[in-house]
Amino acid sequence: VAPAVEAFTAGQPYPIETRITNEDRTVGARLAGQLALFRTENPTATGSDLIFKMQGTAGQSFGAFAVSGMTLQLQGVANDFVGKGLSGGELIIRGLGRAAQESAQHTLLGNVALYGATSGWLFAAGRAGERFAVRNSGALAVVEGVGDHGCEYMTGGLAVVLGGTGINFGAGMTGGVAWIYDERGAFLGNGRYHKAFLK
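Residues numbered from 1 in each chain as written. Predicted model: local features only at pLDDT ≥ 70, side-chain atom pairs only at ≥ 80, totals over all residues. Heavy atoms only, no water.

**Q** Looking at this model, I keep getting lost on the pattern of salt bridges. Mind explaining?
**A** A pair can form between side chains of opposite charge whenever their charged atoms are brought close. Evaluation of the coordinates by the stated rule reveals one salt bridge. Here R131 and E152 are joined by a salt bridge, their closest N and O atoms 2.7 Å apart. Of this pair, R131 sits in the loop between strand 7 (127-128) and strand 8 (137-143) while E152 sits in the loop between strand 8 and strand 9 (156-161), placing them 21 residues apart in sequence. In this structure R131 comes out as partly exposed when scored by relative accessible area, which is 32%. Here E152 falls in the buried class, since its relative accessible area comes to 7%. (Salt bridge = Lys/Arg side-chain N within 4 Å of Asp/Glu carboxyl O. Helix = DSSP H or I, 4+ residues; strand = E, 2+ residues; numbered from the N terminus. Buried < 20%, exposed > 50% of the residue type's maximum accessible area, 1.4 Å probe, protein only.)

**Q** It is not clear to me how unusual backbone geometry should be interpreted in this structure. Could you clarify?
**A** Among all residues save glycine, negative phi is the norm, and among peptide bonds the norm is trans. Phi angles above zero are rare outside glycine, and T26 is one such case at about 55°. Classification of T26 by relative accessible area gives partly exposed; the value is 33%. Positive phi values are uncommon outside glycine, yet V112 reaches one of about 60°. Position of V112 among the secondary structure elements: in the loop between strand 5 (107-109) and strand 6 (119-124).

**Q** What's the story with the pairing of strand 1 (residues 16-20) in this structure? I'm lost.
**A** The side chains of a regular strand alternate between both faces of the sheet. Pairing analysis gives five bridges linking strand 1 to strand 2 (residues 50-58), with the strands arranged parallel. Considered in strand 2, the bridge of I20 is made with G56. After leaving strand 1, the chain enters helix 2 (residues 29-41) and then returns to the sheet as strand 2, a path that is right-handed. (Pairing = 2+ DSSP bridges. Right-handed = clockwise from strand over helix to strand, strands pointing away.)

**Q** Can you walk me through helix 2 in this structure?
**A** Note that an α-helix has 3.6 residues per turn; residues three or four places apart therefore point the same way. Between the first and last C-alpha of helix 2 there are 19 Å, a value that for 13 residues agrees with the 18 Å anticipated at 1.5 Å per step. Taken together, the buried positions of helix 2 are occupied by A29, L31, A32, L35 and F38. Those residues of helix 2 that are buried lie in contact with helix 1 (2-10), strand 2 and strand 3 (70-78). (Expected span 1.5 Å × (residues − 1). Contact = heavy atoms within 4.5 Å.)

**Q** I'm lost on the packing of aromatic side chains in this one. Help?
**A** Centre distance and the angle of the planes are the two values used to describe a pair of aromatic rings. If you walk through the whole model with that rule in mind, you get three aromatic pairs. Between F8 and F38 the ring centres are 6.0 Å apart and the planes differ by 85°, which places this aromatic pair in the edge-to-face class. Here the residue F8 occupies a position in helix 1, and F38 occupies one in helix 2, the gap between them amounting to 30 residues. Both residues of the pair, F8 and F38, belong to the buried class. Consider the rings of Y14 and F52, whose centres lie 6.4 Å apart with planes at 70°: the pair is edge-to-face. Residue Y14 is located in the loop between helix 1 and strand 1, and its partner F52 is located in strand 2; the two are separated by 38 residues in the primary sequence. Accessibility expressed as a relative area gives 12% for F52, which makes it buried. (Phe/Tyr/Trp six-rings, centres within 6.5 Å; stacked < 30°, edge-to-face > 60°.)

This is the structure:
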């Protein structure tokens, strides 16, 4: 965290390439807190882009609370709560091996991604688990499919789902936009959405 903050405040790039395991949880949160504190004390400062390239399996809450200026790239898979409270950062997730070749068939991030996100971006070349973008109020996300209860209680932001969804999509959704690429025409015909979604 300390050298990254130092580079950020000096306007210097700070790229990192490293491996990650499921023991590495809430990756990025501590740095996000320090950058938010710096910006509070220096509201006119711009900072630099901090780019972290990781490979492996991320533990829970990968990219939680990431702020603008942070880009976390993961080649592999991530557990639940990816981008929880995302606050302006950018998360990019790609598969490895067969998951990279047939991305639409593989789940790369677990349940409850983007819970309570307020801004930022999530791009996943693969599927997400259940309760994707719950309570999202401003983040933009692109994934290749989601499980049940997608965009539940969403109030803002944009979710682009380039594939199938589970049941109860959009339950309690009161704002934001969801685009579903419904190639098979199954989204409306099979009752896979919450009835209030179309009102």
